[in-house]
Amino acid sequence: MNMSGCFNAAEQIGVKMPCSSDDATTRYLHLLKEVAVAANEAIGVDAALRKILQSVCRVTGWPVGHTLKYRPGGELVSTGIWHVDDRYPTDSFEAFRRASEPLCFTSGIGLPGPVLLEGQPLEVINTHADAHFPRQDATMAAGLATGFAFPVRSGNSITAVLEFFTTRPQRLSPELLDVMAQVGVQLGRVFERQNAQQALLASEQRSRQILDSAGDAFIGMDARGAITAWNRAAETIFGWSRAEVLGQTVAETIVPDQYRDAHQRGLARFLTHGKAQALGQRLELPALHRDGREFPLEITLWSLEEENDWSFFAFAHDISARKEAEQALEHRALHDALTGLPNRALVLDRLQQCLSRRAGSNDGIAVLFIDLDHFKRINDSFGHDAGDQVLITVAQRLRQVMRPTDTVARLAGDEFVIVCPDVASHTDAIAIAQRLLAELAPPIQLKEDSVFVAASIGIAMAEPGWDAEKLIGSADIAMYEAKTGGHSHYQLFDEQMQMQVTTRLQIENELHRALDHGEFCLFFQPIVAAATGEVVSVEALLRWQHPVKGLLSPAEFIPIAEETGLIVPIGTWVIEETCRLAQAWSFLRDTHLPLGISVNLSPRQLLQSDLVDTVKRIFSTCAFDPSRIEFGFEVTETAVMNDPEAAASTLQALRELGAQIAIDDFGTGYSSLAYLKHFPVDTLKIDRSFVMGISEGNVDQAIVRAVTGLGHALDLVVVAEGVETAEQARILRHLEVDLLQGFLYAHPQPAEQLEALLLNACRVTRSA
Ligand SMILES: Nc1nc2c(ncn2[C@@H]2O[C@@H]3COP(=O)(O)O[C@H]4[C@@H](O)[C@H](n5cnc6c(=O)[nH]c(N)nc65)O[C@@H]4COP(=O)(O)O[C@H]3[C@H]2O)c(=O)[nH]1
């Protein structure tokens, strides 16, 4: 090889090659090539050092080579990496090695120390003669006469020193020393690379530690969809270890089957068009666990472009617990806690959806509004636990008789609603109601008792333009009608009912105004002694002086006042007004008998908790003289039988305040004669319906006779209502009824008229 060839070859590997003899140059060139290859290919610094020690020893013919590395603090220490020629005696080498390895060479000391100081290759020709050579004895014993060393440079600093020894005193050529300097530079690159790798490794380890300590799963994915990163939380969340999933596709590992196509399409779209809706967003997605179970995941995705290749990363965490809690809350918000049925909000929502889906032709959607009859009695008689048990059983029965597509809901208390989205006709809806009533008919077994539950059902079919509220409201109106028509019935909604409801609503509003504006007034109807025709008592009867409709009788507004509870303040006004007038009239009569004055008490008033206190307050302000006025209350049988025990104690308390008690409309309601025995009652008022037919038939006469006999046996005064004819009066007198009330004697009349009647001591003669 000529000189130009030598430069060319050296330049190819990036080294400026000094010229020497052809032979030496070739060897040095090979050495540099070997060093370059070792520097590039060696797995690590140690391997490169071993290879280079070996190459240098071979090229130079020197038998021993050793490397020392720089240690922070400014000294060189043995790496333990040596090369020794096969022909060099092992014993000698071992002794030299043992002497060398423990030594630390500071700057300027021995062979490597000055190299560290100067940064240049150095040779020591006669190690035996050099007094500054710490290993003088060791080299002598090992027969190593000459040494040379050169630095390994990494940037501006020296990271290692390589030293070589030979047995003969020998001087190195300046070219060789230059070559060694180049070897040092090549080796320095290996050190630099290792440092960089170590730094990278350390940073990767730090990153991994951080990622492993994260509670969220960290997942990396390359552009092919393969998993590239998987931290400890990912192992826990998905059940796969890092080793198992690295290189596997995300799609097959954690994406549920049904979403895999979408996942692949999303990835392909991003890689082709750079568009990805999911990136940078916090998403909730279903994920797949190793055991095959799906679970909800909250995930944040982002992408990274590195060297023209895309990587994707995600932080994710299992939100099963949160979802369960949310679902439980949602379920609780939309379901009835006792029966587990949908509640009002949910049924309204479902019905609304159903109506919207069929907008335009809402036929086919039926709503059944179910209200249990007398449920309060079950609660009162058997306790609330039993009441709950009944509601649960009713819910189950309703559910099991309906189709899965129907919604059975509990609105409140004992009210249930069923939405049937597919009912062809009214006839079908009626058939459903009949099925429901039949299902509810068998007794419900409680702990010790069994109870029968009946229900009233209102049915409404959707009409175009109706919303959910209107449809349920209509079924409710129909249910109300079913209830008033008797119990355990069903009723279809019709527009007439709607009109009635509207009227009722209007009256309700007007009743409020009537009370505030003083539109009520009282009429009084005298009650006469059957034997003498003398007025012994009067009944106060409410009237409403309506500003537009004129004088209204109680039948037109009392039921609504009762329903809405307005009867309570109205009733209080009646008692106050009657007492006020009674006090004024107490001196009108010239008789030794007190004048009886009675007012009606509605069922609602009887249940009014402060009724007795209210009456007490009114009585105390009026202060009747009992020898002149006897104040009385009339209650119907039905009102009393709603809650006989409570009624008995209220009536008793009223009696203790000095009031008389009369049972009104006696014989028309459901009453127990046994109760009557225990009731604090003074008077029985025989209903007009028995008086009406008394002239024609024996049945009514027999009833009146029986009631009168019963009343007298219990020491009660018996009054007959609705006496219109002299014949009726005659028969009633014959049947020994004590008092008579009816149009025959007087119509209900305003207070002033009654006053005149009392003043004149008007004695109603027997007209017969
Ligand atoms: N056909 C016919 N009817 C007769 C005859 N004699 C009396 N009447 C009517 O029979 C009703 C008797 O009152 P009631 O049975 O307590 O029945 C009363 C009572 O239940 C209720 N009511 C009236 N005023 C009040 C009140 O202030 N409070 C409450 N809660 N209810 C009241 O309204 C009902 C109806 O009262 P009114 O319309 O005044 O009707 C009165 C009276 O006008 C007769 O010979 N023939």
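Residues numbered from 1 in each chain as written. Predicted model: local features only at pLDDT ≥ 70, side-chain atom pairs only at ≥ 80, totals over all residues. Heavy atoms only, no water.

### Considering the site of the ligand
Note the following rule: Whether a residue is near a molecule or strand depends on its heavy atoms: if one lies within 4 Å, it is near. By the criterion applied in these results, polar contacts are pairs of N or O atoms within 3.5 Å in which, for protein atoms, one can donate a hydrogen and the other can accept it, and in which residues neighboring in sequence qualify only through two side-chain atoms. All accessibility values rest on the Shrake-Rupley procedure with a 1.4 Å probe; residue burial counts only the protein chains present in the view. Elements are defined by DSSP. Helices are runs of H or I of four residues or more, strands are runs of E of two residues or more, and each kind is numbered from the N terminus.
Within the structure, the ligand sits among 22 residues, and E539, N600, D664, E724 and F743 are positioned closest to it. The side chain of Q525 places a nitrogen or oxygen atom 3.0 Å from a nitrogen atom of the ligand. A distance of 3.0 Å separates a nitrogen atom of the ligand from a polar atom in the backbone of L542. Against a free-state accessible area of 790 Å², the protein chains account for coverage of 81% of the ligand. Those elements that place two or more of their residues in the shell around the ligand are β20 (535–546) and β24 (660–666). Top contributing element to the shell around the ligand by residue count: β20, with 4 residues.

### A closer look at the pattern of salt bridges
Selection rule: Salt bridges are identified by distance alone: a Lys or Arg side-chain nitrogen within 4 Å of an Asp or Glu carboxyl oxygen. Residue burial is assigned from relative accessible area. The probe radius is 1.4 Å, only protein chains are included, and a residue is buried under 20% of its type maximum, exposed over 50%, and partly exposed in between.
Evaluated as defined, the whole model comprises 35 salt bridges. E34 is the salt-bridge partner of R58, the closest N and O atoms lying 2.3 Å from each other. Highlighted residues: R58 in helix α3 (residues 45–60) and E34 in helix α2 (residues 22–41), separated in sequence by 24 residues. Taking the shortest distance from any N to any O, the salt bridge between R97 and E94 comes out at 2.9 Å. Separated by 3 residues within a single helix, R97 and E94 lie in helix α4 (residues 90–100), roughly one turn from each other. Judged by its relative accessible area of 23%, R97 falls in the partly exposed class. Taken together, the salt bridges that share partners define one network made up of E284, E298, R322, K323 and E326.

### Digging into unusual backbone geometry
Where the residue is not glycine, phi is negative for most of them; where a peptide bond is considered, it is trans in most cases. Even without being a glycine, H374 presents a positive backbone phi close to 55°. The topology assignment puts H374 in the loop between β12 (366–372) and α14 (375–382). A residue is classified by how much of its surface remains accessible, and H374, at 38% relative accessible area, is partly exposed. One non-glycine residue, D665, lies in positive phi territory at about 50°. Its place among the elements puts D665 in strand β24.

### Some remarks on the nonpolar core
Defined as follows: Only buried residues count toward a nonpolar core. Its members are Ala, Val, Leu, Ile, Met, Phe, Trp, Tyr and Cys residues joined through side-chain atoms within 4.5 Å. For this analysis, residues touch if any pair of their heavy atoms sits within 4.5 Å.
Ranked by size, the top nonpolar core spans 76 residues in total, and within it L511, F633 and L740 carry the most contacts. Ranked by residue count, the leading element in this core is helix α20 (residues 567–585), at 8 residues. Filtering out sequence-adjacent residues up to four positions away, L740 remains in contact with I527, V528, A530, A720, V723, A729, L732, R733 and Y745. Among the nonpolar cores identified, the runner-up in size contains 34 residues, and L341, V390, L398 and A429 belong to it.

### What to know about the environment of G61
Relative to the helices and strands, G61 is located in the loop between α3 and β1 (64–71). Considered as a pair, G61 and F165 are 104 residues apart in the sequence and their alpha carbons are 9.8 Å apart.

### Observations regarding the state of the cysteines
What counts, and what does not: Sulfur atoms of two cysteines make up a disulfide when they are within 2.5 Å.
Summed over the entire model, instances satisfying the criterion amount to 0 disulfides. Looking at the unpaired C622, the closest cysteine sulfur is the one in C579, lying at 4.4 Å.

### Observations concerning the packing of aromatic side chains
Using the following cut-off: Under the pairing criterion, centres of Phe, Tyr and Trp rings, with the six-membered ring standing for Trp, must be within 6.5 Å; the plane angle then separates stacked pairs below 30 degrees from edge-to-face pairs above 60, leaving the rest tilted.
Within the structure shown, the criterion is met by 24 aromatic pairs. On the basis of an interplanar angle of 40° and a centroid distance of 5.3 Å, the ring pair of W230 and F238 is categorised as tilted. A residue is classified by how much of its surface remains accessible, and W230, at 2% relative accessible area, is buried. For the pair F631 and F633, a centre-to-centre distance of 5.5 Å together with 65° between the ring planes defines the contact as edge-to-face.

### A word on the pairing of strand β6 (residues 157–166)
Using the following cut-off: Any two strands with at least two DSSP-identified bridges between them are counted as paired.
Counting buried positions along β6 gives 9 out of 10 residues, so the element sits mostly inside the fold. Across 6 bridges, β1 lies against β6 in antiparallel orientation. Along β6, the bridge assignment pairs T67 with L162. As judged from the 9 bridges shared by strand β5 (residues 146–154) and β6, these two strands associate in the antiparallel manner. In the strand pairing of β6, G147 is matched with F165.

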